[in-house]
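# Geometric and topological summary
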Amino acid sequence: MARSALLNVMVQAAFKAGKSLARDFGEVQNLQVSLKGPGDYVSQADRKAERIIREELLKARPTYGFLGEEGEEIKGTDGAHRWIVDPLDGTTNFLHGIPHFAVSIGLERQGEIVGAVVFNPATDELYTAEKGGGAFLNDRRLRVGARKNLSDAVIATGTPHLGRGNHGKYLIELRHVMGEVAGIRRFGSASLDLAYVAAGRYDGYWERDLAAWDIAAGILLIREAGGWATDVDGGSKPLEDGSVVCGNEYIAKALREVIHRPVPAK
Ligand code: IPD
Ligand code: CA
Ligand code: CA
Ligand code: CA
């Protein structure tokens, strides 16, 4: 598998931030933690990782823009490129000592995601994709799962936390999906949820109330692994909409239908 120079820059930035996260994960009880809103935590580890990634990426490509979860957006001067970065996707897991979190870096060119890196430093799993070049887990080429029926499918989701999203609407969707599928998982890192679909571990995934940095990289992984990813209402702009439903063609379509199934009148 040959990686472009640009993808290598992204991989090196993710590795460097991953090292910092792995060190902080070992001393998680000593980290300063604050709340951005109800149920919405951020720590020193998130901020440090973002600083590392921003420095690495902008050193390599000073004219590109940079959008990260924890800082002010930097507008690029080249007008075409932007990095979209979640320095620590799965902060709640991280702060609870659960080794399921990732660095997520997407590269946007003229409004389209063309490069993706998702790296879990706790498992050393590195997911990469470039537009037209396929998706990989370390050196292994990825392909979404082949199951066609929801009744055979394991589906991941994200539950809106305290203070975020429409809990009532979500519970209705969850009930509909639960009644059709083999199993549901909620592991707590949107970028890894998408990476797991690309790897065929999950057959599908849906979530609302997300930000562009949660899903920019993961959506390219899915598409390059032969899968479908749209926003929950079927539109082609999940980043703008902040929602995603995905899987192979059959599962993504079926999941979308079930999510939108009307609530039966009592
Ligand atoms: C969160 C995770 C989680 C999802 C939340 C995100 P963060 O990101 O991806 O799985 O359900 O909506 O905000 O805050 O840990 O980077
Ligand atoms: Ca966050
Ligand atoms: Ca996130
Ligand atoms: Ca984050």
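For clarity, every value in this text was computed on a predicted model and none was experimentally measured.

Criteria and cut-off values
- Residues numbered from 1 in each chain as written.
- Chains lettered and ligands numbered in written order.
- Predicted model: local features only at pLDDT ≥ 70, side-chain atom pairs only at ≥ 80, totals over all residues.
- Heavy atoms only, no water.
- Helix = DSSP H or I, 4+ residues; strand = E, 2+ residues; numbered from the N terminus.
- Buried < 20%, exposed > 50% of the residue type's maximum accessible area, 1.4 Å probe, protein only.
- Contact = heavy atoms within 4.5 Å.
- Areas by Shrake-Rupley, 256 points an atom, 1.4 Å probe, with all protein chains shown as cover.
- Expected span 1.5 Å × (residues − 1).
- Polar contact = N/O pair within 3.5 Å; in protein donor to acceptor, adjacent residues only side chain to side chain.
- Lys, Arg positive; Asp, Glu negative; His and termini not counted.
- Salt bridge = Lys/Arg side-chain N within 4 Å of Asp/Glu carboxyl O.
- Near = heavy atom within 4 Å.
- 1 Å grid on protein atoms, 1.4 Å probe; cavity = no way out; pocket = protein on both sides within 12 Å on 5 of 7 lines; lining within 4 Å.
- Sits in = over half its atoms within 2 Å of the grid points.
- Nonpolar A, V, L, I, M, F, W, Y, C, P; charged D, E, K, R; others polar.
- Domains from an automatic or database assignment.
- Donors = N, O, S within 2.8 Å, 3.2 Å for Na, K, Ca; no water.
- Points joined across faces, edges and corners; volume = space filled by probe spheres on them.
- Axes fitted to C-alpha atoms, helices over the stretch in contact; angles between N-to-C directions.
- Parallel < 35°, antiparallel > 145°, perpendicular 65-115°, else oblique.
- Left-handed = near helix turned anticlockwise from the far one by under 90°.
- Pairing = 2+ DSSP bridges.

Now for the overall build of the protein. Secondary structure assignment for the protein yields 8 helices and 14 strands. Its C-alpha atoms give the protein principal-axis dimensions of about 60 × 40 × 35 Å. Looking at the protein as a whole, 54% of its 266 residues are labelled buried. Contacts spanning at least 24 positions in sequence make up 62% of the contacts within the protein whose residues lie at least 6 apart. Accessible surface, the protein as shown: approximately 12100 Å² in total, 49% of it carbon and sulfur.

Looking now at helix H2 (residues 44-60). Here H2 contains 17 residues, and its C-alpha end-to-end distance of 25 Å stays within 8% of the 24 Å for a straight helix at 1.5 Å per residue. Taken together, the buried positions of H2 are occupied by Ala45, Asp46, Ala49, Glu50, Ile52, Ile53, Glu56, Leu57 and Leu58. Contact partners of the buried residues in H2: helix H1 (5-25), strand E2 (40-43), strand E3 (65-68), strand E4 (81-89), helix H3 (91-95) and strand E5 (102-109). For H2, the side-chain oxygen to backbone nitrogen distance between the N-cap and Ala45 is 3.1 Å, and the N-cap itself is Ser43.

Attention shifts here to the side chain of Asp46. With respect to the helices and strands, Asp46 occurs in helix H2. Summary of buried charges: Asp46 has no salt-bridge partner, and the nearest side chain of opposite charge, Lys36, is 6.5 Å away. Separated by 2.7 Å, the side chains of Asp46 and Ser43 make a polar contact. Sequence-distant contacts of Asp46, that is, excluding residues within four places in its chain, are made with Glu70, Pro87, Leu88 and Thr91.

This part takes up the site of ligand 1. In the vicinity of ligand 1 lie 14 residues, with Asp89, Gly90, Thr91, Arg186 and Glu207 positioned nearest. Glu69 places a side-chain nitrogen or oxygen 3.3 Å from an oxygen atom of ligand 1. Burial of ligand 1 by the protein chains amounts to 90% of its free accessible area of 380 Å². Comparing atom positions with the cavity grids shows ligand 1 to sit within the largest pocket. If one sorts the elements of the shell around ligand 1 by residue count, E4 sits on top with 3 residues. Of the residues contributing to the shell around ligand 1, the split by class is 3 nonpolar, 4 polar and 7 charged. Among the domains, domain 1 (5-141) and domain 2 (150-259) are the pair contributing at least three residues each to the shell around ligand 1.

So, about the side chain of Arg208. Along the chain, Arg208 turns up in the loop between strand E12 (204-207) and helix H6 (212-224). Here the side chain of Arg208 touches Glu173 through a polar contact of 2.7 Å, side chain to side chain. In this structure Arg208 touches Lys169, Glu173, Val232, Asp233, Gly242, Ser243, Ile259 and His260, once residues within four positions along its chain are discounted.

Let's shift gears to the coordination of the calcium ion (ligand 3). With distances of 2.0 to 2.3 Å, the protein atoms coordinating the calcium ion (ligand 3) are Asp86 (OD), Asp89 (OD) and Asp214 (OD). Linear spacing of the donor residues for the calcium ion (ligand 3) on their chain is D-x2-D-x124-D.

This paragraph deals with the layout of surface pockets. Taken as a whole, the largest pocket holds about 610 Å³ of empty space. What lines the largest pocket is a set of 29 residues, among which Thr92, His161, Arg164, Arg186 and Gly188 lie closest to the centre. Secondary structure elements with two or more residues in the lining of the largest pocket: E2, E4, H3 and H6. Within the lining of the largest pocket, the residues separate by chemical class into 7 nonpolar, 9 polar and 13 charged. Counting contributing residues, the lining of the largest pocket receives three or more from each of domain 1 (5-141) and domain 2 (150-259). In this model, the second largest pocket occupies a volume close to 360 Å³.

It is at 9 Å that the axes of H1 and H2 come closest, and there the two elements cross at 160 degrees. Looking at the two axes, H1 sits roughly antiparallel to H2. The interaxial crossing formed by H1 with H2 has right-handed handedness. Contacts from Val9, Met10, Ala13, Lys16, Ala17, Ser20, Leu21 and Asp24 of H1 reach H2 at Ala45, Lys48, Ala49, Ile52, Ile53, Glu56, Leu57 and Ala60. Looking at the contact of H1 with H2 residue by residue, the class counts come to 11 nonpolar, 1 polar and 4 charged.

Let us now look at the pairing of E3. Where burial is concerned, the two faces of E3 agree: the one with Gly65 and Leu67 and the one with Phe66 and Gly68 are both buried. Relative to E4, E3 is paired through 4 bridges, and the arrangement is parallel. Bridge assignment links Gly68 to a residue of E4, and that residue is Val85.

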